Amino acid sequence: GYYTNAAGTLTKFGDVARTNLVLWSQVIGAHASSITHGTAVDGATIAPDGTTTATSFVPDATNNVHRFLGLGGTITVVDATAYVASFYVKANGYTEVGFRENASTGAYASFNCSGAGTVLASGNGTTSTSITALANGWYRVAIGLTSSGTSFRYDVLNLAPTYTTGDVEGTWTG
């Protein structure tokens, strides 16, 4: 089959190259620019690909933003180009996550990672969103966006209404 891509060109499915622009995508804790209000442990559980490389994120009791900032650091992109960014997440008590581009567009989406999965919200230039339930409780969440500059930086946020002291729940990313 064929589809019309973001540039308006008729493209055959499967003809588009896919590249992981986030270096160190399976050791997120060690390579995030910073971690806010929580603890990350790389290699904490089995990732979607079957390796023990998923990162555990456990928020602290602060009722504030809990997140990985700058997954893989700053990523070089081509200005005014359509991209789809995705990552894998598994609930470990908290089921809601946010995904945001934080260097040029501010595009974001939030997702509920339970059951079939749900897109909760999106905005700031997000052109598409999706959540796909996978085996063993994992989900692939994605946002589409068009660059407005030559760099991206992705943040993953653990979303919950409140956090309690001594909580060992969180999310896993892989």
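Residues numbered from 1 in each chain as written. Predicted model: local features only at pLDDT ≥ 70, side-chain atom pairs only at ≥ 80, totals over all residues. Heavy atoms only, no water.

Engineer: Just checking my understanding: could you explain the nonpolar core for this structure?
Structural biologist: Looking at soluble globular proteins, one finds that nonpolar side chains tend to be buried together. Core analysis: the largest hydrophobic core is formed by 20 residues, its most contacted members being Phe87, Val89, Phe99, Phe111, Ile143, Phe152 and Tyr154. Sorting the residues of this core by element identifies strand E8 (82-92), strand E9 (96-101), strand E10 (108-112), strand E13 (138-146) and strand E15 (154-159) as the ones contributing at least two each. Once you skip the residues sitting within four places of it in the chain, Phe152 turns out to touch Gly73, Thr74, Ile75, Val77, Tyr83, Glu101, Ala103, Ser104, Thr105, Leu145 and Ser147. (Core = buried A, V, L, I, M, F, W, Y, C linked by side-chain atoms within 4.5 Å. Buried < 20%, exposed > 50% of the residue type's maximum accessible area, 1.4 Å probe, protein only. Helix = DSSP H or I, 4+ residues; strand = E, 2+ residues; numbered from the N terminus. Contact = heavy atoms within 4.5 Å.)

Engineer: I tried to follow the packing of aromatic side chains on my own but got confused; where do I start?
Structural biologist: Remark: the centre distance and the inter-plane angle together describe each pair of aromatic rings, the angle taken between the planes. A full pass over the atoms with the stated rule returns 4 aromatic pairs. The interplanar angle of 80° and the centroid separation of 5.3 Å between the aromatic rings of Tyr83 and Phe152 together place this pair among those described as edge-to-face. Remark: Phe152 occurs in strand E14 (residues 151-152) and Tyr83 occurs in strand E8; sequence separation between them is 69 residues. Looking at Tyr83, the relative accessible area reads 18%, which means it is buried. Judged by relative accessible area, which is 1%, Phe152 ranks as buried. (Phe/Tyr/Trp six-rings, centres within 6.5 Å; stacked < 30°, edge-to-face > 60°.)

Engineer: Would you mind showing me how to read the confidence of the model for the chain here?
Structural biologist: Interpreting fine coordinate detail is not advised for predicted regions of low pLDDT. Averaged over every residue, the pLDDT of the chain is 77; the share at 70 or more is 70%. Residue range residues 164-168 is modelled with pLDDT below 50. Its contacts to residues more than four positions away, or to other chains, number 8 contacts. (pLDDT = per-residue confidence, 0-100.)

Engineer: I tried to follow the pattern of salt bridges on my own but got confused; where do I start?
Structural biologist: Any two side chains of opposite charge can pair, on the condition that their charged atoms come close. Following the criterion strictly, the structure yields 2 salt bridges and no others. Of the charged contacts in the structure, one is a salt bridge between Asp155 and Arg100, with a shortest N-O distance of 2.7 Å. Of this pair, Asp155 sits in strand E15 while Arg100 sits in strand E9, and the two are 55 residues apart along the sequence. You can call Asp155 buried: its relative accessible area is 0%. You can call Arg100 partly exposed: its relative accessible area is 26%. Its salt-bridge partner being Arg153, residue Asp155 comes within 4.0 Å of it at the nearest N-O pair. For Arg153, a relative accessible area of 23% translates into the label partly exposed. (Salt bridge = Lys/Arg side-chain N within 4 Å of Asp/Glu carboxyl O.)

Engineer: Explain unusual backbone geometry to me, please; I cannot follow it from the model alone.
Structural biologist: Glycine aside, a negative phi is what most residues show, and trans is what most peptide bonds show. Even without a glycine there, the phi angle at Asn124 is positive, about 55°. With respect to the helices and strands, Asn124 occurs in the loop between strand E11 (118-123) and strand E12 (128-133). With a phi angle near 60°, Asn136 is a residue other than glycine that sits in the positive phi range. Relative to the helices and strands, Asn136 is located in the loop between E12 and E13.

Engineer: So what exactly am I meant to see when it comes to the pairing of E10 here?
Structural biologist: Put simply, side chains in a regular strand alternate between the two faces of the sheet. For E10, a buried count of 4 out of 5 residues is recorded, marking the element as mostly surrounded by other parts of the structure. In this sheet, E10 lies alongside E9 in antiparallel orientation, the contact comprising 5 bridges. From the neighbouring strand, Arg100 faces E10, where its bridge partner is Tyr108. Linking E9 to E10, which pair antiparallel, is a turn of 6 residues; within it Gly106 sits at a positive phi near 75°. The pairing of E10 with E11 spans 5 bridges and is classified as antiparallel. Opposite Asn112, over in E11, you have Thr118 as the bridge partner. (Pairing = 2+ DSSP bridges.)

Engineer: I would appreciate a short explanation of the environment of Gly149 in the present structure.
Structural biologist: Within the element layout of this structure, Gly149 appears in the loop between E13 and E14. Taking the C-alpha atoms as reference points, Gly149 and Asp79, separated by 70 residues in sequence, lie 4.7 Å from one another. Excluding residues that lie within four positions of it along the chain, Gly149 makes contacts with Val77, Val78 and Asp79.

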